[in-house]
Amino acid sequence: MKKDMRYICYPFMRESASTVDFEIRTDSLTTRIGEALSLTEDIEKVQTDLRWLQPLAYHLNGSVRGKQAIFPEDLQRLSDVYDEYVNELGELIEQFVLPQGTHAATVLHVCRSEAKKSVRALHKVSLEREVPEILFDFAQLMANVLFVMAVYTNKAQGCDEIPFISKSYPEWKKKKKQTDTVGSSAES
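Residues numbered from 1 in each chain as written. Predicted model: local features only at pLDDT ≥ 70, side-chain atom pairs only at ≥ 80, totals over all residues. Heavy atoms only, no water.

J.: Can you help me understand the packing of aromatic side chains in this one?
T.: Here a ring pair, both rings aromatic, is described through the centre-centre distance and the interplanar angle of the planes. Taken as a whole, this structure holds 1 aromatic pair when the rule is applied. Aromatic side chains Tyr85 and Tyr152 sit 5.1 Å apart centroid to centroid with 85° between the ring planes, which places their arrangement in the edge-to-face category. Taken together, the residues span a long stretch of sequence, with Tyr85 in helix α3 (residues 72-89) and Tyr152 in helix α5 (residues 133-156) at a distance of 67 residues. On the accessibility criterion, Tyr85 (0% relative accessible area) is buried. Looking at Lys45, its charged tip hangs above the ring of Tyr85, at a distance of 4.3 Å from the centre. (Phe/Tyr/Trp six-rings, centres within 6.5 Å; stacked < 30°, edge-to-face > 60°. Helix = DSSP H or I, 4+ residues; strand = E, 2+ residues; numbered from the N terminus. Buried < 20%, exposed > 50% of the residue type's maximum accessible area, 1.4 Å probe, protein only. Lys NZ or Arg CZ within 6 Å of the ring centre and 35° of its normal.)

Structure (structure tokens):
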């Protein structure tokens, strides 16, 4: 007897493969991006970029079980989007910041976290089957784009970032190279 579809939320739910967890995780990411869209209507750049990114999160989802739907031109555009935000934000993203601020920014931080969880789930899939490297690159870059979008959104909505200073990890010092007279380099 055929199962009534009203009792099936996702046809692969009972599979043991990690693909299921990855697909559920990227579904959550795509849904959270939709939430961020509803909160950023006043920030045209973020709206435009999220509207482009949201279907790509679902394409990432299907690219493991189905036909690969993330392509080099998608990765390049995502990289360009990242560079645009980084150039705009400058020093604001040169340190760790707490995931706080406006409602829109905090939802973008949740999106970032969901993207990182998607990368981890994708890693689990890669232990069971071959996964194209472009999917890892895209998922990791998407997490970083969502971070800079969150900081950009706070800035656009007049909310300051709060730096996070870890008590667990040593302070990262920027390395500055000096060249001595014999041409070897040394840290200063």
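J.: Got a minute to help me understand the packing of α3 against α5 in this structure?
T.: When two helices pack together, you describe them by how their axes are tilted relative to each other and by the distance separating the axes. Where α3 contacts α5, the axes come no closer than 9 Å and their chain directions differ by 30°. On the basis of the axis angle, α3 is roughly parallel to α5. Seen along the crossing, α3 lies across α5 with a hand that is left-handed. Counting all contacts with α3, which are made through Pro72, Asp74, Leu75, Leu78, Ser79, Val81, Tyr82, Tyr85, Val86, Glu88 and Leu89, the residues of α5 involved are Ile134, Asp137, Phe138, Leu141, Met142, Asn144, Val145, Val148, Met149, Val151, Tyr152 and Lys155. Here the residues of the contact of α3 with α5 sort into 17 nonpolar, 2 polar and 4 charged. (Axes fitted to C-alpha atoms, helices over the stretch in contact; angles between N-to-C directions. Parallel < 35°, antiparallel > 145°, perpendicular 65-115°, else oblique. Left-handed = near helix turned anticlockwise from the far one by under 90°. Contact = heavy atoms within 4.5 Å. Nonpolar A, V, L, I, M, F, W, Y, C, P; charged D, E, K, R; others polar.)

J.: I'm lost on the nonpolar core in this one. Help?
T.: Buried together is how nonpolar side chains tend to be arranged in soluble globular proteins. Grouped together as the largest cluster of nonpolar side chains are 47 residues, with contacts concentrated most on Leu50, Met142 and Leu146. Counting only elements with at least two residues in this core, the list comes to α1 (18-39), α2 (44-65), α3, α4 (103-126) and α5. For this core, the leading source of residues is α5, giving 16 residues. Here Met142 is in contact with Leu29, Leu53, Ala57, Leu60, Leu78 and Ala115, once residues within four sequence places are set aside. (Core = buried A, V, L, I, M, F, W, Y, C linked by side-chain atoms within 4.5 Å.)

J.: Teacher, can you tell me more about α3 here?
T.: Residues that lie three or four places apart on an α-helix share one face, since the helix turns once every 3.6 residues. Taking 1.5 Å as the rise per residue, α3 with 18 residues should run 26 Å; its terminal C-alpha atoms sit 26 Å apart, in good agreement. For α3, the set of buried residues is Asp74, Leu75, Leu78, Val81, Tyr85 and Leu89. Angularly, the buried residues of α3 cover 120° about the axis, an arc narrow enough to put them on a single face. Facing away from the buried side of α3 by more than 90 degrees, the exposed set consists of Pro72, Glu73 and Asn87. Downstream of α3 by a residue or two, Gly90 has a phi angle that is positive, lying close to 55°. (Expected span 1.5 Å × (residues − 1). Arc of directions from axis to C-beta.)

J.: What should I look at first to understand a nonpolar patch on the surface in this one?
T.: Together, Phe96, Leu98, Ile162 and Phe164 make up a nonpolar patch on the protein surface, roughly 380 Å² of accessible area in all. With respect to the secondary-structure elements, Leu98 resides in the loop between α3 and α4. Leu98 gets classed as partly exposed once you look at its relative accessible area, which sits at 33%. (Patch = residues over 30% accessible without salt bridge, like charges linked within 9 Å, V, L, I, M, F, W, Y side chains within 5 Å. Areas by Shrake-Rupley, 256 points an atom, 1.4 Å probe, with all protein chains shown as cover. Salt bridge = Lys/Arg side-chain N within 4 Å of Asp/Glu carboxyl O.)

J.: Where do I start with the pattern of salt bridges in this structure?
T.: In a structure, side chains of opposite charge can pair up when their charged atoms sit close to one another. Evaluated as defined, the whole model comprises 8 salt bridges. Residues Glu114 and Arg25 are paired through a salt bridge, measuring 2.9 Å at the closest nitrogen-oxygen approach. Remark: Arg25 occurs in helix α1 and Glu114 occurs in helix α4; sequence separation between them is 89 residues. The class for Glu114 is buried, based on a relative accessible area of 7%. Of the charged contacts in the structure, one is a salt bridge between Asp49 and Lys45, with a shortest N-O distance of 3.0 Å. One end of the pair, Asp49, and the other, Lys45, are both in helix α2, 4 residues apart, so they sit about a helical turn from each other. With a relative accessible area of 24%, Lys45 lands in the partly exposed category. Within this structure, Arg25, Glu114 and Lys117 form a network of salt bridges that share partners.

Read these as spatial facts, not as claims about activity.
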